[in-house]
Amino acid sequence: MQRFVDKVVVVTGAGSGIGKATAERFLNEGAKVALVGRTKSKLEDVAKPYPESQVLVIEADVSNEEDVNQLVLAALEKFGRLDVLVNNAGVVTQGDVGSLSTDDWRKVMATDLDGVFYASRAAIPHLKTSKGSIIHVGSVSGTGGDWGMAAYNAAKGAVTNLTRAMAMDHGKDGIRVNAVCPSFTKTGMTEDMVDDRKLIDKFNERFALEGPGKPEDVAAVIAFLASEDARFVTGVNLPVDGGMSASNGQPPQ
Ligand SMILES: NC(=O)c1ccc[n+]([C@@H]2O[C@H](COP(=O)([O-])OP(=O)(O)OC[C@H]3O[C@@H](n4cnc5c(N)ncnc54)[C@H](O)[C@@H]3O)[C@@H](O)[C@H]2O)c1
């Protein structure tokens, strides 16, 4: 498929995991992609197989308002337009409200929530022109609670409702806003989990399908939401979770 020829996409956190797979998916479907992240060498590795005219590497921290404003301008300067913003960059930290440090709380909020706000705000004027769309990478942790992940649950929960609010506010401008909500996906974020057979078995008791998911599984759904096929879809927080959220929470018998 070549659904994104002449389209310009910004992907944050594009150096690894879901962001990398998403950037590659858009690039392989003909888009020009600005790869955003904190580590230039990782972004350059993603960019390497593609012609220079198709990719732009931007070193930026999404929790830094000025960095984010500049990255949107840099993408516009190189490619002349903006059609899709994928707010993917994210961090997770463990801890409940009784034990979380203020620094850990702020770090998660600054990246997973403030970063989404900064990038969306900077992109919206340009998406109005292109009638483009925004896809947030939320989480099942934004639609229900986990144990010991309070800051992440709070940030992703805010992203879930922000998706709805932004969809309502900007729909008449021709901008669609959706989110994907992955569950356990094999990436750097879950590297301490992916070799833990017992943990995977526990997750598989909750997945309807066999898990964990792959970054490419999430990237494919992001590409669908950005595509013309989803032109009447907005305000949706779409689980990409192997059916985990289909359960009412009762354990298998
Ligand atoms: N892996 C999972 O199981 C899972 C499940 C649900 C949601 N998610 C979400 O998917 C998104 C991508 O995570 P991933 O699983 O691919 O993990 P990952 O760690 O491989 O990717 C996250 C990327 O974001 C970048 N990043 C972090 N903070 C940043 C900042 N301040 N500025 C710029 N870039 C920054 C990292 O460098 C990294 O490249 C995150 O938003 C995460 O919360 C992941």
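Here is a short report on the structure shown in this document. (Residues numbered from 1 in each chain as written. Predicted model: local features only at pLDDT ≥ 70, side-chain atom pairs only at ≥ 80, totals over all residues. Heavy atoms only, no water.)

Considering the site of the ligand
Put simply, the test is: Throughout this document, a residue counts as near a molecule or strand when at least one of its heavy atoms sits within 4 Å of that molecule or strand. A 3.5 Å cut-off defines polar contacts: any pair of N or O atoms within that distance qualifies, except that in protein one atom must be a possible hydrogen donor and the other a possible acceptor, and neighbouring residues in sequence count only when both atoms are side-chain atoms. Accessibility throughout is a Shrake-Rupley quantity obtained with a 1.4 Å probe, and a residue counts as covered only by protein chains that appear here. Each residue gets one label: Ala, Val, Leu, Ile, Met, Phe, Trp, Tyr, Cys and Pro are nonpolar, Asp, Glu, Lys and Arg are charged, and the others, such as Gly, are polar.
Surrounding the ligand, one finds 27 residues, the nearest of these being Ile18, Asp61, Asn88, Tyr152 and Thr187. Between the ligand and the protein, one listed contact pairs a nitrogen atom with a side-chain N or O atom of Asp61 at 2.8 Å. One nitrogen or oxygen atom from the side chain of Tyr152 is found 2.6 Å from an oxygen atom belonging to the ligand. When isolated, the ligand has an accessible area of 820 Å², and the protein chains bury 94% of it. Of the residues belonging to the shell around the ligand, the class tally is ten nonpolar, 13 polar and four charged.

A word on the environment of Gly98
Filter applied, for reference: Secondary structure counts use DSSP, requiring at least four H or I residues in a row for a helix and at least two E residues in a row for a strand, with both numbered from the N terminus. Under the scheme applied here, a residue whose accessible area is under 20% of the maximum for its type counts as buried, over 50% as exposed, and between as partly exposed, the area being computed with a 1.4 Å probe on protein chains only.
Here Gly98 shows up in the loop between strand E4 (84-87) and helix H4 (102-130). On the basis of relative accessible area, Gly98 is assigned to the exposed category, the value being 76%. A sequence separation of 135 residues divides Gly98 from Val233, and the C-alpha atoms of the two residues are 39 Å apart.

Description of the environment of Gly188
Along the chain, the position of Gly188 falls in the loop between strand E6 (176-182) and helix H6 (197-206). Separated by 25 residues in sequence, Gly188 and Gly213 have C-alpha atoms that sit 13 Å apart.

Quick notes on the pattern of salt bridges
Test applied: Within this document, salt bridges are pairs made up of a side-chain nitrogen of Lys or Arg and a carboxyl oxygen of Asp or Glu, the two lying within 4 Å of each other.
Across all of its chains, the model carries ten salt bridges by this definition. Of the charged contacts, one joins Arg25 and Glu29 as a salt bridge, the two residues approaching to 3.0 Å between their closest N and O atoms. A relative accessible area of 27% means that Arg25 is categorised as partly exposed. Residue class for Glu29 comes out buried when judged on its relative accessible area of 4%. Ionic contacts of the salt-bridge type, sharing partners, join the residues Arg3, Arg25 and Glu29 into one network.

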